Amino acid sequence: MVHPVLRNEADGVLRHPESCLDEAVGLARAIDLEVVHAECARVNRPQPSILLGSGTVEHFAQIVEETEASLVILDHALSPVQQRNLEKALKVKVIDRTGLILEIFGARARTREGMLQVELAALTYQKSRLVRSWTHLERQRGGFGFLGGPGESQLEMDRRLIGDRIVKIKKELEEVRRTRGLHRKARAKVPYPVVALVGYTNAGKSTLFNRLANADVFAKDLLFATLDPTMRQVTLPSGRKVILSDTVGFISDLPHGLVAAFRATLEEVDAADIILHVRDVSHQDSEAQKADVHEVMSDMGIDPEADDRVIEVLNKIDALDEESREAILAQTARNPRAVAVSALSGAGIADLDRLLDQRMNAHRHVVDLSVELGDGAALAWLYEKGEVLDRRDDEAQAHIQVAIDPADLARFEKRFVHG
């Protein structure tokens, strides 16, 4: 595993090179690759033909020979020419960051749309590389065959065949999206607000999702542990129900084509009533990760600094020392749009629940209503759609004070109030 540190990037970059290397190693391990050597390589003058300097290439050729490595991953984008030249020089298969991420996405996608999206991105990527082999059959492992390996059928595809497949996938995706749009319209008829979790990969979104929803979504200390959107109904302390949506984690230098490819996840975020930006505050590059997520959200038309829907969830406070933890707790105490939690231990989850309740109730009106005691349907409707704050019953009527959305109040009056 090689992470190139380019001179023009080293000056203004927010991240530590060692942290970038650790992340790249994590990506490789996410698909069960054994990393026998990992190193940052400083590149003072990038070579157009090979990116790295000739001395650096010789250094890594020796390491490849000594470790008997069968694959070199360069944690940077490579042009097709650079990839081929590096393979010749190192005498081993070489893939870049994009190829590695596509492998992971191919292994992780579970839904029909997720698999189509990844295949589309993979084909577009391969089309620029004069495709020597497209290996999508009989794989023993998930992914898209950029790595080579046992159990793969070698199938030669030229540009025309790839182009035909791309056209077909786009048509299939439109049909899947149309169906999902119908599902979203049906869900909109159920007046449950949507709370979407976003954040950098491995920030703890799925662990938080499980904690809030009492669910069992796959959550592991693994980059891209979840890929497809997952939804659950959650009841807040006030009794109000919301739909919680977990999404794919973002990552630095994610190829633009892949950002576009996961429109399903991004659409759920854009349509959400509340967006929880989950951050790993124990990570040394937490601020840089925040900037990456903000950039993607801005691309979606969401201003994370100004949009009232966005709440920062500072996760993994259990991994901080006491002084740092106290500083984070003091910071969130002053910020009504932030909360500190540990999804793993449950610390701060009650505060997050209360904050969600406050946000959900912010636009509710408190009204006094009188309902006939015999009108069980109207009473049940108010308890389900609103938050009953007070109730007094006399011989004929229930006098209820309820916090309720204006739209739900209008529905109640149309349905139950006559004359």
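Since this is a predicted model, take the numbers as computed values, not measurements.

(A) Quick look at the packing of aromatic side chains. Tallied over the full model, the rule gives three aromatic pairs. Ring centres of Trp381 and Phe412 lie 6.0 Å apart, and the angle between their planes is 40°; this geometry places the pair in the tilted category. With Trp381 in helix 14 (residues 376-385) and Phe412 in helix 15 (residues 406-416), this residue pair connects regions lying 31 residues apart in the sequence. The pair formed by Trp381 and Phe412 is uniform in burial state, with each residue classed as buried. Aromatic pair Phe412 and Phe416: ring centres 5.3 Å apart, planes at 40°, arrangement tilted. With Phe412 and Phe416 both in helix 15, this residue pair falls four residues apart, about one helical turn. Residue Phe412 shares its accessibility class with Phe416, and that shared class is buried.

(B) Structural context of unusual backbone geometry. If you check the backbone angles, Asp32 has positive phi at about 65° while not being a glycine. Overall, the relative accessible area of 73% leaves Asp32 in the exposed class.

(C) The pairing of strand 8 (residues 274-280), seen in detail. Judged by how many residues are buried, strand 8 sits mostly within the fold: seven of seven residues are covered. Of the two faces of strand 8, the one carrying Ile274, Leu276, Val278 and Asp280 and the one carrying Ile275, His277 and Arg279 are both buried. Note: strand 5 (residues 194-199) against strand 8, five bridges, orientation parallel. Counted as the bridge partner of Leu197 is Leu276 from strand 8. Examined bridge by bridge, strand 8 and strand 9 (residues 310-315) share six bridges and lie parallel to one another. When the bridges of strand 9 are listed, Ile275 appears paired with Val310. With respect to chirality, the unit in which strand 8 leads through helix 11 (residues 286-299) into the neighbouring parallel strand 9 is right-handed.

(D) Spotlight on the sheet that holds strand 8. Spatial strand order, 6-7-5-8-9-10: six strands in an open sheet with mixed pairing. Of all strands in the sheet, those bounded by a partner on one side alone are strand 6 (230-235) and strand 10 (338-340). Looking at each pair of strands side by side, their axes are set apart by 25° on average, direction ignored. Bridging between strand 9 and strand 10 involves three bridges; their strand directions are parallel. In the sheet register, Val313 faces strand 10, and the bridge partner there is Val339. Against the sheet, helix 11 engages strand 5, strand 8 and strand 9, with an angle of about 150° to strand 8.

(E) Inspection of helix 5 (residues 97-108) at higher detail. Here helix 5 contains twelve residues, and its C-alpha end-to-end distance of 17 Å stays within 8% of the 16 Å for a straight helix at 1.5 Å per residue. For helix 5, the tally of buried residues reaches twelve of twelve residues, placing the bulk of the element in the interior. For helix 5, every residue scored as buried is listed here: Arg97, Thr98, Gly99, Leu100, Ile101, Leu102, Glu103, Ile104, Phe105, Gly106, Ala107 and Arg108.

(F) Spatial organisation of the environment of Leu51. Among the structural elements, Leu51 can be located in the loop between strand 2 (39-43) and helix 3 (54-67). In the structure, Leu51 is positioned 31 residues away from Gln82 in sequence and 6.6 Å away in space, judged by C-alpha atoms. What Leu51 contacts, discounting residues up to four positions off in sequence, is Pro4, Val43, Arg45, Pro46, Leu74, His76, Leu78 and Gln82.

(G) Representation of the packing of helix 14 against helix 15 within the structure. At a minimum axis separation of 11 Å, helix 14 and helix 15 run at an interaxial angle of 170°. Comparing their axes, helix 15 and helix 14 come out roughly antiparallel. Contacts between helix 14 and helix 15 pair Ala377, Ala378, Trp381, Leu382 and Lys385 from the former with Asp408, Arg411, Phe412, Arg415 and Phe416 from the latter. When its residues are assigned to classes, the contact of helix 14 with helix 15 shows six nonpolar, no polar and four charged.

(H) Spatial organisation of the packing of helix 3 against helix 4 (residues 80-90). Running from amino to carboxyl end, helix 3 crosses helix 4 at an angle of 55°, the nearest separation of the two axes being 9 Å. With respect to their mutual orientation, helix 3 and helix 4 come out oblique. Residue-level contacts link Val57, Phe60, Ala61 and Val64 of helix 3 to Leu86, Ala89 and Leu90 of helix 4. Split into classes, the residues belonging to the contact of helix 3 with helix 4 amount to seven nonpolar, no polar and no charged.

(I) Main features of the environment of Ala122. By secondary structure assignment, the location of Ala122 is in helix 6 (residues 112-127). On the basis of relative accessible area, Ala122 is assigned to the buried category, the value being 0%.

(J) Spatial organisation of helix 15. All of the buried residues along helix 15 are Asp408, Leu409, Phe412 and Phe416. The buried residues of helix 15 all sit within an arc of 105° when viewed along its axis, so they share a single face. In this structure, the buried residues of helix 15 make contact with strand 11 (365-372), helix 14 and strand 13 (397-404).

(K) Seen up close, the sheet that holds strand 13. Pairing is antiparallel in the open sheet, where three strands are placed in the order 11-13-12. Edge positions in the open sheet fall to strand 11 and strand 12 (387-393), since each of these has one partner strand only. Within this sheet the neighbouring strands show an average axis-to-axis angle of 20°, counted without direction. Two elements, strand 12 and strand 13, share six bridges in a ladder whose sense is antiparallel. Bridge pairing in strand 13 places Asp393 opposite Ala398. Where helix 14 meets the sheet, it contacts strand 11, strand 12 and strand 13, and its direction lies at approximately 25° from that of strand 13.

Conventions and cut-offs
- Residues numbered from 1 in each chain as written.
- Predicted model: local features only at pLDDT ≥ 70, side-chain atom pairs only at ≥ 80, totals over all residues.
- Heavy atoms only, no water.
- Phe/Tyr/Trp six-rings, centres within 6.5 Å; stacked < 30°, edge-to-face > 60°.
- Helix = DSSP H or I, 4+ residues; strand = E, 2+ residues; numbered from the N terminus.
- Buried < 20%, exposed > 50% of the residue type's maximum accessible area, 1.4 Å probe, protein only.
- Pairing = 2+ DSSP bridges.
- Right-handed = clockwise from strand over helix to strand, strands pointing away.
- Axes fitted to C-alpha atoms, helices over the stretch in contact; angles between N-to-C directions.
- Contact = heavy atoms within 4.5 Å.
- Expected span 1.5 Å × (residues − 1).
- Parallel < 35°, antiparallel > 145°, perpendicular 65-115°, else oblique.
- Nonpolar A, V, L, I, M, F, W, Y, C, P; charged D, E, K, R; others polar.
- Arc of directions from axis to C-beta.

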